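What follows is the residue order along each chain.
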Amino acid sequence: MSIVIFILISPIIILLVWALFHSYHEFSDTEFISIFGFIKIKIPFQEIKKVGFSLNPMSSPAWTFKRVKIDYKKFEFSLLSLPKDEELFLSELKKRCTQAEIKDRDGNLFS
């Protein structure tokens, strides 16, 4: 019985471990890209309207409760895990998304 459970659970564990080591964010010339395992989110810079923070643990796949909320297009948004260097991430977004309202962790406009 325990070998059957092990066989059934092993693929899930392997998938989660793979996602843990295959999660990152990057900036291309025209868009922000977030990778979490097999999930890939691409958001063009000109569509980003607002960037803030969320602590909702049920909101999206991420390894941390510290999440960045990116509002884009008209009604769409993505909740993503926060990169290690929060300051660098926000300043890079501010540089590339001049039209966006970017707030820091305390809810103040990022400058």
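Please read all numbers here as calculations on a predicted model, not as lab measurements.

This brings us to unusual backbone geometry. A positive phi angle is found at K73, which is not glycine, with a value near 55 degrees. Along the chain, K73 falls in the loop between β5 (67-72) and β6 (76-81).

Our next topic: the sheet that holds β5. Sheet architecture is open: four strands sit in the order β6-β5-β4-β7, paired in mixed fashion. Looking at the sheet topology across the chains shown, the edges are occupied by β6 and β7 (101-102). Where helix α2 (residues 86-96) meets the sheet, its contacts fall on β4 (48-54), β5 and β7, and the angle it forms with β4 comes to roughly 165 degrees.

This structure, assessed with the given rule, holds four aromatic pairs. A centroid spacing of 5.4 Å and a plane angle of 50 degrees characterise the contact between F27 and F32, whose relative ring orientation is tilted. Of the aromatic side chains, those joined through ring pairs into one cluster are F27, F32, F45 and F89. It is K69 that lies over the ring of F77; its NZ or CZ is 4.8 Å from the centre.

What follows concerns the sheet that holds strand β3 (residues 39-44). Judged by pairing direction, the sheet is antiparallel, and its three strands sit side by side in the order β1-β2-β3 without closing on themselves. Of all strands in the sheet, those with a lone pairing partner are β1 (23-27) and β3, marking the two edges. The average undirected angle you get between the axes of adjacent strands in this sheet is 10 degrees. Relative to β3, strand β2 (residues 31-36) is paired through six bridges, and the arrangement is antiparallel. Bridge assignment links S34 to a residue of β3, and that residue is I41.

Turning next to the pattern of salt bridges. Oppositely charged side chains can pair when the atoms bearing their charge come close. For the coordinates displayed, the defined rule picks out six salt bridges. Ionic pairing is found between E76 and K73, a salt bridge with its closest N-O pair at 3.8 Å. A relative accessible area of 38% means that K73 is categorised as partly exposed. With a shortest N-O distance of 3.3 Å, K95 and E92 are connected by a salt bridge.

Relative to the helices and strands, E92 is located in helix α2. For E92, a relative accessible area of 15% puts it in the buried group. A distance of 3.3 Å separates a polar atom in the side chain of E92 from a polar atom in the side chain of K95.

It is worth spelling out the environment of E87 at this point. Looking at the element boundaries, E87 is found in helix α2. Sequence separation between E87 and F36 is 51 residues; the distance between their C-alpha atoms is 21 Å.

By the element assignment, C97 lies in the loop between α2 and β7. Non-local contacts of C97, meaning those with residues more than four positions away in its chain, are made with F45 and I48.

Analysis parameters
- Residue indices begin from 1 for each chain and proceed along its sequence in written order.
- Whole-chain, interface and lining totals are the exception, using all residues; otherwise, since this is a predicted model, local features are given only for residues with pLDDT of at least 70 and side-chain atom pairs are given and counted only at 80 or more.
- Only hydrogens and water are set aside; all other atoms, that is, all heavy atoms of the structure, feed into the side-chain values.
- Numbering of helices and strands starts at the N terminus; helices are DSSP runs of H or I of at least 4 residues and strands are runs of E of at least 2.
- Paired strands are those between which DSSP finds at least two bridges.
- Note on definitions: a residue-residue contact is assigned when non-hydrogen atoms from the two residues lie within 4.5 Å.
- A fitted line through C-alpha atoms represents every axis, and for helices the fit uses only the stretch in contact; the resulting angles, taken between N-to-C directions, go from 0 to 180 degrees.
- Whether two aromatic rings pair depends on their centres lying within 6.5 Å, for rings of Phe, Tyr and Trp, where Trp uses its six-membered ring; planes under 30 degrees apart make the pair stacked, over 60 edge-to-face, and the rest tilted.
- In our convention, an over-ring charge means Lys NZ or Arg CZ found within 6 Å of a ring centre and within 35 degrees of that ring's normal.
- Every case where a carboxyl oxygen of Asp or Glu lies within 4 Å of a side-chain nitrogen of Lys or Arg is listed as a salt bridge.
- Three exposure classes are used, based on accessible area relative to the maximum for each residue type with a 1.4 Å probe and protein chains only: buried under 20%, partly exposed in between, and exposed over 50%.
- Contacts described as polar in this section are N or O atom pairs within 3.5 Å, which, within protein, must combine one atom able to donate a hydrogen with one able to accept it, while residues neighboring in sequence count only if both atoms come from side chains.

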